[in-house]
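Fold and geometry: a report
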Amino acid sequence: MADQTVEQKDENRLHILRHAAFTAADVRAMERPLLETGVPLMRMAATATAHVTADLLDEEGMALEDANIALLAGSGDNGGDGLFAAAILAQNGASVTAIAVGRSLHGDAFDAFIRAGGKVLVLDPASEVPGCAAGFSAGEAGERLRAAIELARHSHVIIDAMTGIGLDGALRGIAGTMAASLGVDGTVPDRTALPDGDTAGEFPLVVAVDAPSGIGIDDGAITGPYIPADVTVTFGALKPAAMLPPASYACGRVTLVDFGFDIDGHTPFVEAVSGDNASETIRLPHLADTKYARGVTGLITGSDRYPGAAVLSAKAAAVSNVGMIRYMGPQRARDMVLDAVPEAVMGKGRVQAWVVGSGVPADDPDSDEEQADPQRQIIAKLLSHYALDDEHDPDIAYEMPPIVVDAGALDLLPDEVPSQVVITPHAGELASLLVGRGLDVDSRDVQLEPLHWAIRAHELTGATVLLKGAITVIVGERAEDDVDDVDSGATVHGDDDAATSDVRVLVAGRAPAWLGTAGAGDVLAGMVGSLLAQQDDEDISYADVAAVGAYLHGYAAAIASESDQRGFNPPTIYGTTTAAPLGKLGHPILASAVADAIPEAFRRLLS
Ligand SMILES: NC(=O)C1=CN([C@@H]2O[C@H](COP(=O)(O)OP(=O)(O)OC[C@H]3O[C@@H](n4cnc5c(N)ncnc54)[C@H](OP(=O)(O)O)[C@@H]3O)[C@@H](O)[C@H]2O)[C@@H](O)CC1
Ligand SMILES: [K+]
């Protein structure tokens, strides 16, 4: 590190800031030394928020003097940021009304706002905002609430400064009612996927201060009301909510204000895979390589019912930088695989990683063992070698090659397995897996709290969990040398997850929404299998390799669909100029087109 130039250090820092998220507790710890030396963080936050808001209006062709702005202000520092920002906007000609949703407002910020000519509407009869009448009747409180909602609905911009990192649980009381009336309650954000995190641009535009109030800051969960934002201006460092689904879908475009935090002293809780990480995980061919040295991927995928999945998984595995693939399956699927990939070798043999279950029917409760799909029987036998229980030798389990367990093989997973077992469920499959282990959860629960349930699945099974979605969440063990460095953990949704610091959490959000199409999961399974097969280092983090697989899969889909849209857009750093690229929306694709684009995805990442 000593040899790094200042520019390199700056570049590294920006890369971390754009791809790593820290818990609220860590952000508070990073902020403390700066506050102690008198750095005016709140003023910096407010100035940035005001600028971003003015720029947004400008983009929509509206002058600040013509704009009506409704500020939803809570009683904490998040409300303080909002009031200082609103004061700047009012000074510059905007007409701003602060709607106080709590009992008080940040003192200095309130004074600045009033001096700038801002108006205030107090909603809580028990409020103690100086100069504002309180103690009004319940009837009047209702009238005020309705008036506030109307005012906000008809404004040009809503600045949401009700709660930030101080949020405790789902939004309650007046703040909760405002959010439910102006936004949505307990549902996943329903938005068209546009390039560059663009949103529809309809009034009122919503600017969230630090985070949309009500979304789970540390776990990205949605458990109550919130207002989806067009733009979120966030401070110091990204919080997990800006990266994790579904909360991150509510953030819109994110601008990060770099306060100069000492980020090196803290371990991120969530990291987003970038092109740089991905290229480091790809094994470049060596001069003395044989096809075996480059890795062999074995697939037990497809079935008489779904032979196409055999082709998709095999093709994707074959072009994902290994020396060879072996395929096992019924005659028809074998014929089809050979048609598509004449290089594939049929039958058993030594492999460096397995892929099982894609296109294999899941358990049919009506059929008995004998009638079960033959692929299931072979997979069940293979998976039994990974079982960590009294009946099996754990040394065998730990020495087995990595294995991707997809789709119809998920219900064959032994109770407990080592972390080189990578499971690749979507929300519904993860829910079924957890129900099979006695938990009360359905697909919707997983969609609303994916990190929570992915962690539960990892803790219960020991497997590395890759939970598929527009942003894919990966949870697994940290690599050995990483564990000692971890100094803090997030509390994710309740006590049972309190000690989550020993899990590695990653997101891959490179894919355009066009990728939600039949067979995409088969392609992913094949790719992850081959990425695992080519690893030379025994101390790798399986979570990292799986995450890179998801990233590459998304990248190949972006190439195939000619789309610049993606699930996760790294934030813009406030004050740095990023030329706005003209994003392409792209076009529909088939999963086979994604498989065809894989070599090009490798080429681009490596060049
Ligand atoms: N970190 C940084 O670098 C910097 C941080 N800064 C800013 O400070 C923010 C943190 O401020 P903070 O600590 O005052 O907490 P904050 O987010 O305002 O929340 C507290 C308020 O929320 C309310 N409330 C809570 N839960 C609720 C619920 N379920 N339902 C309803 N209400 C609920 C709670 O109400 P109460 O419980 O008191 O009734 C109280 O009013 C941070 O996000 C950033 O914007 C910048 O200024 C500078 C640098
Ligand atoms: K907020």
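Everything below is about the structure printed above this text.
Read on for an overview of the structure. Everything numeric here is computed off the predicted structure, so don't read it as measured data. (Residues numbered from 1 in each chain as written. Chains lettered and ligands numbered in written order. Predicted model: local features only at pLDDT ≥ 70, side-chain atom pairs only at ≥ 80, totals over all residues. Heavy atoms only, no water.)

Things to note about helix H15 (residues 450-461)
The end-to-end C-alpha distance of H15 is 16 Å, a good match for the 16 Å that twelve residues give at a rise of 1.5 Å each. Burial analysis of H15 places ten of its twelve residues in the buried class, the great majority of the element. For H15, the complete set of buried residues consists of Pro450, Leu451, His452, Trp453, Ala454, Ile455, Arg456, Ala457, His458 and Thr461. Summarising the contacts, the buried residues of H15 are in contact with helix H13 (427-435), helix H14 (443-448), strand E18 (464-467), strand E19 (472-477) and strand E20 (503-508). Gly462 sits one or two residues past H15 and shows a positive phi near 85 degrees. (Helix = DSSP H or I, 4+ residues; strand = E, 2+ residues; numbered from the N terminus. Expected span 1.5 Å × (residues − 1). Buried < 20%, exposed > 50% of the residue type's maximum accessible area, 1.4 Å probe, protein only. Contact = heavy atoms within 4.5 Å.)

So, the pairing of strand E15 (residues 353-356)
Residues Ala353 and Val355 line one face of E15 and the alternating positions Trp354 and Val356 line the opposite face, and both faces are buried. Here four bridges tie strand E12 (residues 296-300) to E15, and the two strands are oriented parallel to one another. Looking at E15, one finds that Thr297 is bridged to Ala353. (Pairing = 2+ DSSP bridges.)

Some remarks on the site of ligand 1
Inspection of the region around ligand 1 gives 24 residues, with Ser75, Asp81, Gly164, Asp168 and Asp210 positioned closest. The contact in question runs from an oxygen atom of ligand 1 to an N or O atom on the backbone of Asp77, over 2.8 Å. Contacts to ligand 1 include Asp81, whose side-chain N or O atom sits 2.4 Å from an oxygen atom. Burial of ligand 1 by the protein amounts to 79% of the accessible area it has alone, namely 930 Å². Of the residues belonging to the shell around ligand 1, the class tally is ten nonpolar, seven polar and seven charged. (Near = heavy atom within 4 Å. Polar contact = N/O pair within 3.5 Å; in protein donor to acceptor, adjacent residues only side chain to side chain. Areas by Shrake-Rupley, 256 points an atom, 1.4 Å probe, with all protein chains shown as cover. Nonpolar A, V, L, I, M, F, W, Y, C, P; charged D, E, K, R; others polar.)

Quick notes on the coordination of the potassium ion (ligand 2)
Coordination sphere of the potassium ion (ligand 2), protein contribution only: Asn78 (OD1), Asp160 (O), Thr163 (O), Val209 (O), Ala211 (O) and Ser213 (OG), at 2.6 to 2.9 Å. Taken together, the six donor atoms coordinating the potassium ion (ligand 2) and their angles of 70 to 175 degrees define a geometry best described as irregular. Within one chain, the residues donating to the potassium ion (ligand 2) are spaced in sequence as N-x81-D-x2-T-x45-V-x1-A-x1-S. A residue pair is termed long-range when its members are at least 10 positions apart, and Asn78 in helix H4 (residues 77-91) and Ala211 in the loop between strand E7 (205-209) and strand E8 (225-226) qualify at 133 residues. Take Asn78: its relative accessible area is 7%, and that puts it in the buried class. (Donors = N, O, S within 2.8 Å, 3.2 Å for Na, K, Ca; no water. Tetrahedral: all angles 85-135°; square planar, octahedral: opposite > 155°, others 65-115°.)

Quick word on unusual backbone geometry
The step from Phe203 to Pro204 runs through a cis peptide bond, and the omega angle for that step is -5 degrees. As for its placement among the helices and strands, Pro204 is situated in the loop between strand E6 (184-185) and E7. Residues other than glycine seldom take positive phi values, yet Asp210 does so here, at roughly 70 degrees. Tracing the sequence through the fold places Asp210 in the loop between E7 and E8. Despite not being glycine, Ala407 has its phi angle at roughly 40 degrees, a positive value. Among the secondary structure elements, Ala407 is positioned in the loop between strand E16 (403-405) and strand E17 (421-423).

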